Amino acid sequence: MAAVISHHYHSHSYLCTSSSSKIVFPFLNIKVPHLGFHGSSKIGRQSRRLVWPCCSSRNPKARRIEALCDSKLRFFSWKECAISIALAVGLLTGNPAMGLPVDGNVNAAFPAFPELSVLISGPPIKDPGALLRYALPIDNKAIKEVQKPLEDITDSLKITGQKALDSAERNVRQASRALKQGKSLIVSGLAESKKEHGVDLLGKLEAGIDELQQIIEDRKREAVGPKQKELLQYVGGVEEDMVDGFPYEVPEEYRNMPLLKGRASVDMKVKVKDNPNLDEVVFHIVVDGYNAPVTAGNFVDLVERHFYDGMEIQRADGFVVQTGDPEGPAEGFIDPSTEKLRTIPLEIMVEGEKAPIYGVTLEDVGLYKAQTKLPFNAFGTMAMAREEFENNSASSQIFWLLKESELTPSNANILDGRYTVFGYITENEDLLADLKVGDVIESMQLVSGLDNLVNPSYKIAG
């Protein structure tokens, strides 16, 4: 196991309450009927109790936490509390509550509340493409100095009036200057086997930056965004060409499982029922094996088995879209070669570390300040569902998050470090909100990255 642990303690975001509100502390065992929490499709859709067995309303520690919540956390609206609670209790394969501590140690479950400056530490990156670019295992300052101002164009375009183009122009000039000054360092950072391709992309990037400058000079605001996206794709390609092989060893106990040593892309075609405005949609998913090789390998292997083809959307409640629970008593994938449920470990990559940690949540070890490389920031973040109290119980059930990231910002998130993120929907992610229970996944098809799959079990007879 890689020695990594971290923070962003998040329980504060679902502790808001008052005596007059129906939104209450989960550890007080009060029913929250209007949110309709549920687990997997086998559990049903009825309301659930939020139970914290170790506490009660008479527990002095519970009263202290309640007082802290009341005094320090009033800035959360009741709507935000409701959303945070709903996120906290629903993402399971077979149980209604989400990994709430039951060891009787309230102080361990609720460390000192962080200051507001920690909770609201700046706007999180919400673009899935940007998150994937920043998550690559490279350390080349020169290309990052080109990337950053190009990413910043997104914020520049949010400015009203002509000032938006003025700000974007400064971004482009900064990127152009950084590329000219750092080109030799960028080229030297390319993997030898990918250098020719990387140099070709750099040429396209350089020409594209000049074209974007001209677009801005011509004041064609509507053309800036698409060109920016094109340039960032070139940047991402150059950065991927800097990755030379797979950067670390997967722990021995998982080495014989299907592993994705790199990235892959999958197109998921969904047939939408009872929607006059949408009949069929294709979601493009980028699966990241650099940061979650076991989880990503498990998923790609299941895609190649056509495991998800014909499966219905089993949960769509405004917080997540979830599927992957097969028909029959099993709540995951039964490997025909072993006739046993195949499960995978919790797998979390932390910023600044070389390899993921396995089998424990980041709060299990009591440190709460590290950020995950693949955070729950983007609409359409893709992760594994699992049982409530068993970190290593994920199998085939997956979910995509639907939320405004401001409600669970980086370093104050109720999901980061508790569930394995292994990819993002990068195209048509906004249409996830239109999916309903009963819509059918017609197919999941691997578009690229099959050569990165190691130990594929789908090739085994049976």
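The structure this text deals with has already been given above.
Residues numbered from 1 in each chain as written. Predicted model: local features only at pLDDT ≥ 70, side-chain atom pairs only at ≥ 80, totals over all residues. Heavy atoms only, no water.

Caption draft 1: Focus on the environment of Ala296. With respect to the helices and strands, the residue Ala296 is situated in helix α10 (residues 293-304). Note on Ala296: relative accessible area 0%, which makes it buried. Considering only alpha carbons, one finds Ala296 and Lys261, 35 residues apart in sequence, at a separation of 8.8 Å. Apart from the residues lying within four places of it in its own chain, the contact partners of Ala296 are Leu260, Val287, Asp288, Gly289 and Phe422. (Helix = DSSP H or I, 4+ residues; strand = E, 2+ residues; numbered from the N terminus. Buried < 20%, exposed > 50% of the residue type's maximum accessible area, 1.4 Å probe, protein only. Contact = heavy atoms within 4.5 Å.)

Caption draft 2: Representation of the packing of helix α8 (residues 195-217) against helix α9 (residues 221-240) in the model. At a minimum axis separation of 9 Å, α8 and α9 run at an interaxial angle of 160°. Between α8 and α9, the angle is such that the two are roughly antiparallel. Helix-helix and strand crossings are classified by hand; for α8 and α9 the assignment is left-handed. Facing α8, whose interface residues are Gly198, Leu201, Leu202, Lys204, Leu205, Gly208, Ile209, Glu211, Leu212, Ile215 and Ile216, α9 presents Ala223, Val224, Lys227, Leu231, Tyr234, Val235, Gly237 and Val238. (Axes fitted to C-alpha atoms, helices over the stretch in contact; angles between N-to-C directions. Parallel < 35°, antiparallel > 145°, perpendicular 65-115°, else oblique. Left-handed = near helix turned anticlockwise from the far one by under 90°.)

Caption draft 3: How the structure looks around the pattern of salt bridges. Scanning all chains against the criterion turns up 22 salt bridges. For the salt bridge of Arg133 with Glu151, the shortest nitrogen-to-oxygen distance reads 2.8 Å. Here the residue Arg133 occupies a position in helix α5 (residues 128-134), and Glu151 occupies one in helix α6 (residues 141-156), the gap between them amounting to 18 residues. The same class applies to Arg133 and to Glu151, which are both buried. Close ionic contact of Asp439 with Lys436 constitutes a salt bridge, the shortest N to O distance being 3.7 Å. Using a relative accessible area of 31% as the deciding quantity, one classes Lys436 as partly exposed. (Salt bridge = Lys/Arg side-chain N within 4 Å of Asp/Glu carboxyl O.)

Caption draft 4: Summary view of unusual backbone geometry. Although it is not a glycine, Arg219 sits at a positive phi angle of roughly 60°. If you trace the backbone, Arg219 turns up in the loop between α8 and α9. Positive phi, normally seen in glycine, also occurs at Asn455, with a value near 60°. Mapped onto the fold, Asn455 is located in the segment after β14 (453-454).

Caption draft 5: Structural view of the packing of aromatic side chains. Evaluated as defined, the whole model comprises nine aromatic pairs. Plain terms: the ring middles of Tyr254 and Tyr358 are 5.1 Å apart, the flat faces sit at 35° to each other, and that makes the pair tilted. Here Tyr254 is found in the loop between α9 and β1 (259-260), whereas its partner Tyr358 is found in strand β9 (residues 357-358), with 104 residues between them in sequence. Residues Phe307 and Phe333 carry aromatic rings whose centres are separated by 5.8 Å and whose planes lie at 85° to one another, so their mutual orientation is edge-to-face. Linking Phe307 in the loop between α10 and β4 (315-316) with Phe333 in the loop between β5 (320-323) and β6 (334-335), this pair joins segments that are 26 residues apart in sequence. (Phe/Tyr/Trp six-rings, centres within 6.5 Å; stacked < 30°, edge-to-face > 60°.)

Caption draft 6: Quick peek at the layout of surface pockets. Put simply, the largest pocket is a space of about 1,000 Å³. As for the largest pocket, its lining consists of 39 residues, and the residues nearest its centre are Leu132, Arg133, Gln233, Glu240 and Val286. For the lining of the largest pocket, the elements supplying multiple residues, two or more each, are α5, α6, α8, α9, β2 (263-271), β3 (280-288) and β12 (421-427). With nine residues, the single largest contributor to the lining of the largest pocket is α9. Its residues placed into classes, the lining of the largest pocket shows eleven nonpolar, 16 polar and twelve charged. (1 Å grid on protein atoms, 1.4 Å probe; cavity = no way out; pocket = protein on both sides within 12 Å on 5 of 7 lines; lining within 4 Å. Points joined across faces, edges and corners; volume = space filled by probe spheres on them. Nonpolar A, V, L, I, M, F, W, Y, C, P; charged D, E, K, R; others polar.)

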